[in-house]
Structures are given as structure tokens and as C-alpha cells.
Amino acid sequence: MNISIKEVIQRTRLFFILYLILLCGCFVIKLIYSKDEIYFAVNARYNDLLDTIEPYITDLGNGWTIVILSAILALYNYRVAFLMITTFLVTSLSVQIAKFFFDAPRPKLYFKDQLDKLHFVKGVDILSNHSFPSGHTLTAFATGVLISYLIKNKSWSILLIFYGVMVGFSRMYLSEHFFEDVIGGSVMGVFLTIFWISWIDSKKFIHSPKWSRGLIPRSEVGDRKSEV
């Protein structure tokens with residue numbers, strides 16, 4: 001079974017089109033405003049509600065969230081779980097390499113002489129180094145692409161784009177990243193996932209009958225559904 005990059009894009013076309021529109025909008029913002037202006041535009045607009053919910057939203061792009069989700073998926077479908085965890089591992093490794101290559105300062109270090117002007121959310125551990133690109137944003141958009149590829153109802157792509165945007169915004173709101181970091185993370189997440197899916201899901205073994213099963217036998221799953 002051979003799945004081309006074109007076919008992956010075709011299966012995720014709604015997500016991909018929405019993402020390209022979003023990306024163009026981000027580039028326009030970047031052309032108009034400077035790095036500092038964009039950061040303070042976000043950082044200066046804080047309130048108690050956002051201070052409470054943004055740490056939870058940012059956790060949706062945490063690696064452990066994807067690991068737990070993959071473990072749950074393995075109960076029902078090995079192929080889906082395998083695609084999820086390998087996509088996470090490949091993209092996460094790539095973003096870590098990029099972080100150490102660019103070694104960019106995070107807002108806390110970048111604005112070290114203006115810390116009194118910055119708003120930090122209490123209880124959040126603020127890092128200083130390896131800002132570019134954003135790993136949480138990469139994970140959110142990579143997961144969005146993969147789920148958009150797998151699900152039948154493609155209208156869910158709208159929610160998946162929103163999920164990626166919310167995680168990316170949380171990284172800026174919490175002063176963990178700059179706008180550029182979030183853009184870079186999303187680009188890596190989307191395109192690396194498309195390339196990875198086209199390669200790994202073309203492998204014959206992953207489409208064998210045993211890979212369509214999970215840890216819970218289908219008969220038990222069916223029985224539980226009938227009971228509900």
C-alpha cells in the first residue's frame with residue numbers, strides 16, 4: 001500500500017486549507033508588528049480567568065497527554081495508537097534538535113532587564129532557554145493533522161485547528177514562547193506529520209488484520225456497547 005504526500009494532504013484538506021489561511025494571517029501580523037510588540041500585546045491582556053485556565057490548555061500539548069491518549073487508543077486499535085505515538089516521537093525529536101540548534105532565549109531571558117513589566121502566571125515554571133520552536137504547539141498541530149487524517153467526519157478539522165491555536169496562544173500567554181516560536185512549531189508539526197504519515201502508513205504490516213485490533217477483544221467491546 002503506497003500513500004503519497006498528495007493523498008495525505010487530500011485526506012486532511014480541510015485542516016490543511018484552514019491551516020494555510022491561519023499561517024498567512026500570522027505572516028501578515030509578523031510583517032506589521034515587531035517581536036516585542038506582539039509579545040506585549042498578548043502579555044498585557046491578562047485576567048484571573050485566563051490565568052486559571054491557560055495552564056490546563058497548555059497541558060493539552062504536553063507529551064504526556066499524547067502518551068496517555070496513545071495508551072487508551074491501544075485498547076481499541078493498535079494501528080491508530082502506533083500512528084499517534086510514532087508521530088509524537090518523530091516530531092518531538094525533531095523539535096528538540098531544532099531547539100538546541102537555534103538556542104533562542106525565551107521571554108524571561110530576552111526581557112531580563114524588563115521583568116517588572118512582564119506578567120507571569122503564579123505557579124507556572126517559567127523557562128529561559130531553547131525557545132524556538134514551540135514543542136507544545138508542534139505537538140498540538142501534529143496531533144491535529146493525524147486525527148484529521150484518521151477520522152471520517154472531516155468537519156472535526158475545524159475544532160482541531162482551534163485546539164492547535166489555543167495551545168499556541170497558551171504558550172505565549174504563559175510567557176514560555178514568542179509568536180515566532182509558535183508559528184515555527186506549528187509549521188514543523190503540520191509538515192513533518194504529513195511526511196511521516198505518508199511513509200509509515202504505507203507500510204504493509206500496519207494494515208494487517210491484527211493491527212486493526214486492540215488490547216480489548218472486539219467481542220468485549222461489542223458486548224459493552226450493547227449493554228449501554
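Just above, that's the structure.
Residues numbered from 1 in each chain as written. Predicted model: local features only at pLDDT ≥ 70, side-chain atom pairs only at ≥ 80, totals over all residues. Heavy atoms only, no water.

Caption draft 1: Representation of the overall build of the chain in the model. For the chain, the helix and strand inventory stands at 11 helices and 0 strands. In the chain, the succession of helices and strands from N to C terminus is α-α-α-α-α-α-α-α-α-α-α. Rg of the C-alpha trace for the chain: 19 Å, near the compact-globule value of 17 Å for 228 residues, within the 12% margin. Seen through its principal axes, the chain has C-alpha atoms that stretch 60 × 40 × 30 Å. In the chain, 83% of the contacts between residues at least 6 apart in sequence involve partners at least 24 apart. Accessible area of the chain: about 12,500 Å², with a carbon and sulfur share of 67%. (Helix = DSSP H or I, 4+ residues; strand = E, 2+ residues; numbered from the N terminus. Rg over C-alpha atoms; globule rule 2.2 N^0.38 Å. Contact = heavy atoms within 4.5 Å. Areas by Shrake-Rupley, 256 points an atom, 1.4 Å probe, with all protein chains shown as cover.)

Caption draft 2: Summary view of the environment of L75. Its place among the elements puts L75 in the loop between α5 (63–74) and α6 (78–102). Along the chain, L75 and G61 lie 14 residues apart, while their C-alpha atoms are 22 Å from each other. Those residues in contact with L75, other than ones at most four positions away along the chain, are G214, L215 and I216.

Caption draft 3: View of helix α4 (residues 48–58). Of all the residues in α4, the buried ones are L50, D51, E54, I57 and T58. Down the axis of α4, the sector holding all buried residues measures 135 degrees, keeping them to one side. Set apart from the buried face of α4 by more than 90 degrees, the exposed residues are D48, L49 and Y56. Here the buried face of α4 lies against α8 (135–150) and α9 (156–173). One side-chain oxygen at the N-terminal end of α4 lies 3.1 Å from the backbone nitrogen of L49; it belongs to N47. (Buried < 20%, exposed > 50% of the residue type's maximum accessible area, 1.4 Å probe, protein only. Arc of directions from axis to C-beta. Polar contact = N/O pair within 3.5 Å; in protein donor to acceptor, adjacent residues only side chain to side chain.)

Caption draft 4: Main features of the side chain of S92. In this structure, S92 sits in helix α6. Discounting residues that sit within four places of it in the chain, S92 has contacts with L138 and T139.

Caption draft 5: Looking closely at the packing of aromatic side chains. Evaluated as defined, the whole model comprises 16 aromatic pairs. With a centroid separation of 5.9 Å and an interplanar angle of 80 degrees, the aromatic rings of F16 and F191 are classed as edge-to-face. Remark: F191 occurs in helix α10 (residues 179–200) and F16 occurs in helix α2 (residues 13–32); sequence separation between them is 175 residues. We classify F16 as buried; its relative accessible area is 13%. In this structure F191 comes out as partly exposed when scored by relative accessible area, which is 29%. Aromatic side chains W196 and W199 sit 5.4 Å apart centroid to centroid with 40 degrees between the ring planes, which places their arrangement in the tilted category. Here W199 and W196 lie together in helix α10, a separation of 3 residues that amounts to about one turn. The class for W196 is buried, based on a relative accessible area of 17%. Among the residues examined, W199 registers a relative accessible area of 45% and is labelled partly exposed. The ring centre of Y110 lies 4.6 Å from the NZ or CZ of K35, which sits over that ring. (Phe/Tyr/Trp six-rings, centres within 6.5 Å; stacked < 30°, edge-to-face > 60°. Lys NZ or Arg CZ within 6 Å of the ring centre and 35° of its normal.)

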